[in-house]
Amino acid sequence: MKPIIYTIFTLALFLFACKGDTKNEISETKDKYNKIKKEDVNLNISLLLDLSDRIDTTKYHNEALEFYLRDVGYIESIANSFVEHLKVKRMRAMDDKIAVFFDPIPQNPKIDKISESLKFHITRSNASLDLFEGIKKTYKNKSREIYEQALLDGKYVGSDTWSFFKNKVKSFCIEENSSNLLIILTDGYLYHENNLRKEGNLSTYLTPQFIRTNKLNNTNWKERFENDGYGFIPASGGLENLQVLVLGINPGTGNVYEDDVIKAYWKEWLEKMEVGYYEIRNSELPSDMDKIIRYFILKK
């Protein structure tokens, strides 16, 4: 009997060892796959800039740092993270994009020209360290020029982010076989005089006055929001392949619930449009936001 027991015991040890080896192999393969996937993924980054009066340095002056300069700092972090991704990616896998968009489109032709200079498509045929450094420099300098031109004009026509999602997000911001990232720089309010739609308590706009008028400025705001069906009208759907980072939420003063209301509007809206992943962040100093931006883009 002893030989039989010994044989069974030996076989059990062998199978256990094999099982352990198999687990290790699976784990190593998974880690290797994740590493390759992270490094070789195609990034398709879109920036949507809100050039409404939220950037006005007189109306919304901020002692710590003007809001338009916060945007410029965020944009610099975005470009730096994009380049960091490119530097570790294999040359033959290069197919990455970054671009800046507006809605409505500024009437100033200088802004349009500057935004064109911020569109880059990196492939194996044009990838180089010089190009990578050029992207960082261009985004740092040219993005500031956009805001300076907008401030010089002083023609704040509002922000029609709703129409951007309805008419442009799928064609402008989503590519097959890419990680599609849309980063929206906004204070969280939506308003454009040519797109004021309302369906019951759903709307295409949100302003401080709207929040006050509809009594969303007290302790019962959440109950009213949910029971009376407030929110943005869904502008699109099927956006599972889109990840959205909303940066710069800046509620008006005088209503301690305003921040919660703005985020509730955005959260419900993005979920109804089936956005694959999203984050909503307040307006902070660029140095504090850098880590958030970097993780959103690089996932590390």
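Scroll up to find the structure.
Residues numbered from 1 in each chain as written. Predicted model: local features only at pLDDT ≥ 70, side-chain atom pairs only at ≥ 80, totals over all residues. Heavy atoms only, no water.

A. View of the packing of helix H2 (residues 67–87) against helix H4 (residues 129–153). As a packed pair, H2 and H4 sit with axes 9 Å apart at the nearest point and diverge in direction by 165 degrees. As the angle between them shows, H2 and H4 are arranged roughly antiparallel. Of the two elements, H2 crosses H4, and the hand of that crossing is right-handed. Taken together, the residues of H4 that come into contact with H2 (itself represented by Tyr-68, Leu-69, Asp-71, Val-72, Ile-75, Glu-76, Ala-79, Asn-80, Phe-82, Val-83, Leu-86 and Lys-87) are Leu-129, Phe-132, Glu-133, Ile-135, Lys-136, Tyr-139, Lys-140, Ser-143, Arg-144, Tyr-147 and Leu-151. For the contact of H2 with H4, the per-class residue count stands at 14 nonpolar, two polar and seven charged. (Axes fitted to C-alpha atoms, helices over the stretch in contact; angles between N-to-C directions. Helix = DSSP H or I, 4+ residues; strand = E, 2+ residues; numbered from the N terminus. Parallel < 35°, antiparallel > 145°, perpendicular 65-115°, else oblique. Left-handed = near helix turned anticlockwise from the far one by under 90°. Contact = heavy atoms within 4.5 Å. Nonpolar A, V, L, I, M, F, W, Y, C, P; charged D, E, K, R; others polar.)

B. Broad picture of the packing of aromatic side chains. Following the criterion strictly, the structure yields 14 aromatic pairs and no others. Between Tyr-277 and Phe-296 the ring centres are 6.4 Å apart and the planes differ by 25 degrees, which places this aromatic pair in the stacked class. Of the two residues, Tyr-277 is situated in strand S11 (residues 277–282) and Phe-296 in helix H10 (residues 286–298); the sequence distance between them amounts to 19 residues. The class of Tyr-277 is partly exposed, set by a relative accessible area of 35%. Exposure remark for Phe-296: the relative accessible area of 0% places this residue in the buried category. Lying across the ring of Phe-296, Lys-299 places its NZ or CZ 5.0 Å from the centre. (Phe/Tyr/Trp six-rings, centres within 6.5 Å; stacked < 30°, edge-to-face > 60°. Buried < 20%, exposed > 50% of the residue type's maximum accessible area, 1.4 Å probe, protein only. Lys NZ or Arg CZ within 6 Å of the ring centre and 35° of its normal.)

C. Geometry of the pattern of salt bridges. This structure, assessed with the given rule, holds 17 salt bridges. Here Lys-87 and Glu-133 are joined by a salt bridge, their closest N and O atoms 3.0 Å apart. Separated by 46 residues along the polypeptide, Lys-87 in helix H2 and Glu-133 in helix H4 bring together distant segments of the chain. Given a relative accessible area of 43%, Lys-87 falls into the partly exposed group. Under the relative-accessibility criterion, Glu-133 is labelled partly exposed at 37%. Glu-268 serves as the salt-bridge partner of Lys-272, at 3.9 Å between the closest nitrogen and oxygen. Here Lys-272 pairs with Glu-268, and both are found in helix H9 (residues 258–272), just four residues apart, close to one helical turn. On the basis of relative accessible area, Lys-272 is assigned to the partly exposed category, the value being 38%. Taking relative accessible area as the criterion, Glu-268 reaches 23% and is therefore assigned partly exposed. When salt bridges with common partners are traced through the structure, they connect Asp-50, Arg-54 and Asp-71 into a single cluster. (Salt bridge = Lys/Arg side-chain N within 4 Å of Asp/Glu carboxyl O.)

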